[in-house]
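The chain contents come next:
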Amino acid sequence: KKIIVIGAGILGASTAYHLSKSDVEVLLIDRKDKGQATDAAAGIVCPWLSQRRNKAWYQLAKGGARYYPELIKMLEEDGETDTGYKRVGTLSLHADPDKLEKMAERALKRRKEAPEIGEITILSPEETKKRFPPLSVEFGSVFVSGGARVNGRAMRDALLNGAKKNGVQIFQGNAALFHEGNKVSGVSVNGQTILADQIIITAGAWSNEILKPLGINFKVTPQKAQIIHLELPKTETADWPVVMPPTNQYILTFDDRVVVGATHEDEAGFDNRVTAGGIHDILSKALAVAPGLSEGSLLETRVGFRPFTPGFLPVIGPLPNFNNILVANGLGASGLTSGPYLGAELAKLALGKSTELDISNYDVSGAIE
Ligand code: FAD
């Protein structure tokens, strides 16, 4: 059996990696678009404190966070150790002690179903600042020890390298479906036609363009995000926890950088420019929460397009009316968390195995017209 995967962000890379563990032939095609979400992503893996009520979304994000340690071990066995994944814990900030109590209660409730949350501790402003020195003194926090961060770029590359080692062929180019009416028999790429038994489309925000020739309007919209990387001179930041302020912004650190962001721009289309307004928005919010970052040097600003499907709910499954196409999309703002897990599930679907998630909760027909 021959399977082609279109799109090698976190989702396609994970799908190809998991397929590579079986005996099917796998080809992965990626166009390396500027603004690949995975390439720009921050890297927070901490879904449990979210106040979003959608159960299907939470099920997926929770499953994603739980799956990481297992996947990291599998990659290590394939010799891939550079993923930037680390359980550094998360500080969820608030100035109001009552709000912190409520947050901790919510986390405790969720821990019954998700022991991977780890320890839940309310910290005073002084204790909070001790764990993340650039913070202003006004915030206490709830510390959750199971929170992690991951470098999206490194994780994607580890999955791709692992896949390659297990025989996946990777091509760079623009993939288009090769079809006659409702029968899709392969993919055209770089002037070449490659036939396949099955095609998996994990092309993120760009997926509508692939499905249009089939007469399908696939409702994925790009949400532009700008995100800033800073460097704090002579500061050891590798083990600092992820910071989630009461706003929709965040601050996290890696060995060599501090990442602050991000913007949420719904009207920008695929405009991949770094803008004055974007930088102003991010830095004014970040420096209000963490004034100690003002001495940081600016390393770079990345831009990515979060793929959103209707209802902000991801979709996964067969494309209705086509018997050999699978689609997964809509990972939105939490795809680094859920992407590796959803890719493993997608590989199971492609191989005719049963999935852990009830995929009828993520029906692809909800995203097409
Ligand atoms: P993408 O990573 O966008 O990959 C799609 C790929 O398909 C691209 O490489 C593109 O070139 C390719 N492609 C498209 N069309 C074609 C074609 N015709 N032929 C060949 N290739 C094609 N999530 C978290 O969990 N935690 C976070 O902290 C977090 N922070 C984020 C911060 C930012 C700034 C952004 C932008 C996102 C963040 N996310 C985060 C969300 C996460 O990054 C995304 O949900 C996830 O990366 C989406 O992955 P994807 O594989 O679906 O799409």
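Computed from a predicted structure; not experimentally measured.

**Student:** I'm lost on the site of the ligand in this one. Help?
**Tutor:** Around the ligand, the surrounding shell holds 39 residues, and the nearest of these are Asp 30, Asp 33, Thr 38, Gly 332 and Thr 337. For the ligand, a nitrogen atom lies 3.0 Å from a polar atom in the backbone of Arg 31. Residue Gly 332 places a main-chain N or O atom 2.8 Å away from an oxygen atom belonging to the ligand. Protein coverage of the free-state accessible area of the ligand, which is 1000 Å², stands at 99%. Counting only elements with at least two residues in the shell around the ligand, the list comes to helix H1 (10-19), strand S2 (25-30), helix H2 (37-40), strand S13 (221-231), strand S17 (297-308) and helix H9 (335-350). Counted by class, the shell around the ligand contains 20 nonpolar, 14 polar and 5 charged residues. Taken domain by domain, the shell around the ligand gets at least three of its residues from each of domain 1 (2-41 + 153-219 + 310-367) and domain 2 (86-148 + 221-308).

**Student:** What should I look at first to understand helix H6 (residues 152-165) in this one?
**Tutor:** Because each turn of an α-helix spans 3.6 residues, side chains separated by three or four positions in sequence point in the same direction. Given a rise of 1.5 Å per residue, 14 residues ought to cover 20 Å, and the 20 Å separating the end C-alpha atoms of H6 matches this to within 8%. Every buried residue of H6 is listed here: Gly 152, Ala 154, Met 155, Arg 156, Ala 158, Leu 159, Leu 160, Gly 162 and Ala 163. One side-chain oxygen of the residue at the start of H6 lies 3.1 Å from the amide nitrogen of Arg 153, identifying that residue as Asn 151. Two residues or fewer after H6 comes Gly 167, characterised by a positive phi angle close to 105 degrees.

**Student:** Help me out: how do you make sense of helix H4 (residues 97-111) in this one?
**Tutor:** End to end, H4 covers 21 Å across 15 residues, agreeing with the expected 21 Å (1.5 Å per residue, within 8%). Taken together, the buried positions of H4 are occupied by Leu 100, Met 103, Ala 104, Ala 107 and Arg 110. One face of H4 carries all of its buried residues, which in axial projection span an arc of 125 degrees. Turned more than 90 degrees away from the buried face of H4 sit Asp 98, Lys 102 and Lys 109, all of them exposed. Buried residues along H4 sit against helix H3 (55-77), strand S4 (90-94), strand S5 (120-123) and strand S6 (140-144). Put simply, Asp 96 is the residue that caps the front of H4, since its side-chain oxygen is 2.9 Å from the backbone nitrogen of Asp 98.

Definitions and cut-offs
- Residues numbered from 1 in each chain as written.
- Predicted model: local features only at pLDDT ≥ 70, side-chain atom pairs only at ≥ 80, totals over all residues.
- Heavy atoms only, no water.
- Near = heavy atom within 4 Å.
- Polar contact = N/O pair within 3.5 Å; in protein donor to acceptor, adjacent residues only side chain to side chain.
- Areas by Shrake-Rupley, 256 points an atom, 1.4 Å probe, with all protein chains shown as cover.
- Helix = DSSP H or I, 4+ residues; strand = E, 2+ residues; numbered from the N terminus.
- Nonpolar A, V, L, I, M, F, W, Y, C, P; charged D, E, K, R; others polar.
- Domains from an automatic or database assignment.
- Expected span 1.5 Å × (residues − 1).
- Buried < 20%, exposed > 50% of the residue type's maximum accessible area, 1.4 Å probe, protein only.
- Arc of directions from axis to C-beta.
- Contact = heavy atoms within 4.5 Å.

Nothing here speaks to function; it is geometry throughout.
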